Amino acid sequence: MPSITINGVKSDFTPGQTILQVSNRLMEEGKGVEIPQYCYHDGLSVVASCRICLVECAAPNAKTGQLEPYMGGKLLPSCQTPAVDGMVVYSDSPKAVQNQKAVMEYLLINHPLDCPVCDQSGECFLQDYSYQFGRGTSRFEEQKVKQPKKDIGPHVYLYSDRCIMCTRCVRFTREVTGTAELSVQGRGNKEEIDVFPGVALDNPLASNVIDLCPVGALLDKDFLFAQRVWFLKETPSIDGLTASGDNIYVHHNEGKVYRVKPRTNLKVNKWWITDEVRYGWKFVHAENRLRSPMRTQFGTKVECDFSRAYDEVIEGAKKATRDGKRLAVMISPMLSCEEAFLLGRLARRLDQNAILAVGPVPTLGQDQVFPKGVAADSPKAFVAYAEKAPNARGVRRVLSSIVEPSHIANYESLLGMLKSGNIGAVVLTGNYPSAWATDELMNALTGKFVAVIDTLSSALTDMASVVIPGATWVEKAGTFENAKGMLQAFEAAIPVIELAKTEGQIALDMMAILDGKASAEELSQSVVVQSTLAQVASGTQVMMPLGKAFNAANVRQEMAASSSALGVFVTDVSRPASEAARVPDVEMVDL
Ligand code: SF4
Ligand code: FES
C-alpha cells in the first residue's frame, strides 16, 4: 500500500485520497496531525478557496527516487492535492506556518470580536484556529466593514459580518439539496452570502448549513442564546421520529434537551439530518407531558400511584377474560424493539389469547430524495422518509417471534376487531410527538376497559380508564429498525421526566406482580438516587425501580435466547462507536 509522511507521521493511504483526507484520518486515530481547514468538507465538492490548509510537500523523483520539492516547492492546498506514494508533507514548516498566520490575520480583518455574545463560541473554528494557528495580535487599525444580520429562513439567521466566505453553505444548497437558495453576492470586502429576493432558505434539510458553517455566521434561531455550548453534554442517539434511523447527537444539560445535531454515518444519513428530526424533539419537554399515573374516579381523572394503576390494568384484563372476551395490546411503532418484546410478553401473561397489534404508522406525503433527479439508491442521495415512526419494522419483527406474523393486527384491523365486540380490554401505547388517536378509535373504545401508556395528555388519555406515563426515546435505551432494515441501538440521554417510566420498565413491573415477585405497592415505591450516569448532570435525581430494572442490553440477550429469529439483536445491532476520551484543549487547574 502506498504511504505518505505528514509532519513526521507515516501513514498508508488509498490511492485517490488527498493529503487532507489522510491527515484527518490520522487526527481521528489520535495521531495528532492537524491541518487547519475551513472550506473543505467530506460531503461537499472541493473548492480550495480558504487557503488555510496549504502545506509544503516533497515527493520522490520518478527516475532517481530522490526526494524533491513537489510542484516547484510551492505551497499546495492539502484539500485538493492527491497523496503520492513516498510524499513527505509539512504543515508545520516555516513557510506553511507563515501562510496560516497570514490567512488568519486576513480572515479576522473584518470579523467582529464578539465571541462573548456569539452562539458559536466554544465550537468555532475561527476561535480555535486563532489560538492554534493565528498571530495572537492584530495589526489592523482601520474601521471594520460592517455587514447586516439577516433572517434568511424559518430556522436560520445569517450574521454576515462573521462570515469567512468558505462557501460551504452555498455548495450544500447546490450539491446536497439541489435547491440553490444561497449564493455569494458582491465583491471584495463587500462580498456576502445572501438568498435571492423573495426566496427563503426553506427546504427539508435547510438547517444543516448551521452545522456546516465553521464560524458563527449561520445561527440556529431555535438555539439562539439558549445555552453556552460548553455546558452541554452530548449523547449519541438515533432519530426517534421517522423511519430513516438518522444518527444524531442529543445535546442536553441538567436533564433538559437543548438541540439535536447530525452524527456522521455514511451508510444511513451521511453528515446530515432533516429539520424534522432536528426540531421534532420538542414534545419531550411539552407542557402536556404526562407526569404521573392517573385513573378515572367518578368520571374524572385523578392522580394515583403506580400500584393502583398496575392493579387496575391487571384486573381490567382479567375481567375481560372472565367475561369471555379478549385483551388487545397495541404496541406503538414509536417504541423500541426491547419494549415491544416485553409488552408482547406481558400481553400474553395477561391473556393467553391476547391480540397483538402494531399502532398506527403515520406517513406524510412521499419519500423525498435529495438532490432532485438523483435515484434513491445513488450514493449521492439523501432520502427523507414519508414514514414518521422510527420502528414499525422492529416492532413487527419482535412480535413475529411471539405470534404468527399473520396474527399481528395492524391499526385498521384492530379497529375492525374493536367494533366487532370480542374485545373487552385494551392496552394502548402511544409515544407519538402529537395527539394520534382518531375519533374512530375513540368511538370503538367506548364501553371497554382502556389503559393508555403514553407521553402526552390528549382526548384519548381523558377517556381512558387508567393512564400510565411513558418515556420518550431520549429518556431510555433501546433499538430501532429503520426503513433499510438496519438495527441501531441508542442510549438514554436524559433521565425520565418526573414520575414517568419507560414502557419497558412498566412491562417488567407488571410481569413481576403477575409472577408474585413483588407487590404492586412495592414496585410503585421507587427510591430516588443520585444519578451516576455520565451523560446526565451529576447529582440529578432519578427514580430507580425496586423490582427488575429495565436494561435494554439485557433484554436483547433475552430476546436472542428466546428465539433464533431474534438472534440478530445480539449479532447485528450497530451501536455508536465509543467516543475517544475527550481531552480539554486548555490545561485544567485544580482550584
Ligand atoms: S455563512 Fe458560514 S458556511 Fe456560509 S460561506 Fe460564510 S462562513 Fe461559510
Ligand atoms: S480547506 Fe483547503 S483551501 Fe480551504
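Fair warning: this is a prediction, and the values are worked out from it, not measured in the lab.

### Regarding the environment of K517
The topology assignment puts K517 in the loop between α13 (503–514) and α14 (520–524). Distance in space between the C-alpha atoms of K517 and K548 is 9.6 Å, their sequence separation being 31 residues.

### A word on a negative patch on the surface
A contiguous patch of negative charge on the surface is contributed by D305, D311, E521 and E522. Here E522 is to be found in helix α14. For E522, a relative accessible area of 42% corresponds to the partly exposed category.

### Brief notes about the packing of helix α2 (residues 94–108) against helix α3 (residues 125–133)
Packing of α2 against α3 brings their axes to within 10 Å, and their N-to-C directions diverge by 140 degrees. Taken as axis vectors, α2 and α3 run oblique relative to one another. Viewed along their axes, α2 and α3 form a crossing whose handedness is left-handed. Here Q100, K101, M104, L107 and L108 of α2 come into contact with α3, specifically with L126, Y129, S130 and F133. For the contact of α2 with α3, the residue count by class is six nonpolar, two polar and one charged.

### Considerations on the packing of aromatic side chains
If you walk through the whole model with that rule in mind, you get nine aromatic pairs. Pairing F480 with F490 gives two aromatic rings, centres 4.5 Å apart and planes at 35 degrees, and the pair type is tilted. Taken together, the residues F480 in strand β24 (residues 478–481) and F490 in strand β25 (residues 487–490) connect sequence positions ten residues apart. Judged by relative accessible area, F490 falls into the buried class, the value being 2%. Aromatic ring contacts, followed pair by pair, group Y38, F125, Y129 and F133 into a single cluster.

### Here's the deal with the confidence of the model for the protein
Per-residue confidence for the protein gives a mean pLDDT of 92, with 93% of residues at or over 70. Low pLDDT, under 50, characterises residues 530–539; the predicted model gives this stretch 17 contacts beyond four residues in sequence or across chains.

### Description of empty space enclosed by the protein
Under the counting rule described, the total for this entry stands at six cavities of 30 Å³ or more. Put simply, the largest cavity is a space of about 90 Å³. Around the largest cavity, the lining comprises 16 residues; the ones closest to its centre are C163, C166, C169, C213 and L218. Contributing elements (two or more residues each) for the lining of the largest cavity: α4 (168–175) and α5 (208–212). Split by residue class, the lining of the largest cavity holds 14 nonpolar, one polar and one charged.

### A word on the site of ligand 1
As a structural note, the neighbourhood of ligand 1 is formed by C163, I164, M165, C166, T167, C169, I193, C213, V215, A217 and L218. With respect to the detected pockets, ligand 1 is housed in the largest cavity. The class makeup of the residues in the shell around ligand 1 is ten nonpolar, one polar and no charged.

Scoring rules and cut-offs
- Residues numbered from 1 in each chain as written.
- Chains lettered and ligands numbered in written order.
- Predicted model: local features only at pLDDT ≥ 70, side-chain atom pairs only at ≥ 80, totals over all residues.
- Heavy atoms only, no water.
- Helix = DSSP H or I, 4+ residues; strand = E, 2+ residues; numbered from the N terminus.
- Patch = residues over 30% accessible without salt bridge, like charges linked within 9 Å, V, L, I, M, F, W, Y side chains within 5 Å.
- Areas by Shrake-Rupley, 256 points an atom, 1.4 Å probe, with all protein chains shown as cover.
- Salt bridge = Lys/Arg side-chain N within 4 Å of Asp/Glu carboxyl O.
- Lys, Arg positive; Asp, Glu negative; His and termini not counted.
- Charge placed at Lys NZ, Arg CZ, Asp CG, Glu CD.
- Buried < 20%, exposed > 50% of the residue type's maximum accessible area, 1.4 Å probe, protein only.
- Axes fitted to C-alpha atoms, helices over the stretch in contact; angles between N-to-C directions.
- Parallel < 35°, antiparallel > 145°, perpendicular 65-115°, else oblique.
- Left-handed = near helix turned anticlockwise from the far one by under 90°.
- Contact = heavy atoms within 4.5 Å.
- Nonpolar A, V, L, I, M, F, W, Y, C, P; charged D, E, K, R; others polar.
- Phe/Tyr/Trp six-rings, centres within 6.5 Å; stacked < 30°, edge-to-face > 60°.
- pLDDT = per-residue confidence, 0-100.
- 1 Å grid on protein atoms, 1.4 Å probe; cavity = no way out; pocket = protein on both sides within 12 Å on 5 of 7 lines; lining within 4 Å.
- Points joined across faces, edges and corners; volume = space filled by probe spheres on them.
- Near = heavy atom within 4 Å.
- Sits in = over half its atoms within 2 Å of the grid points.

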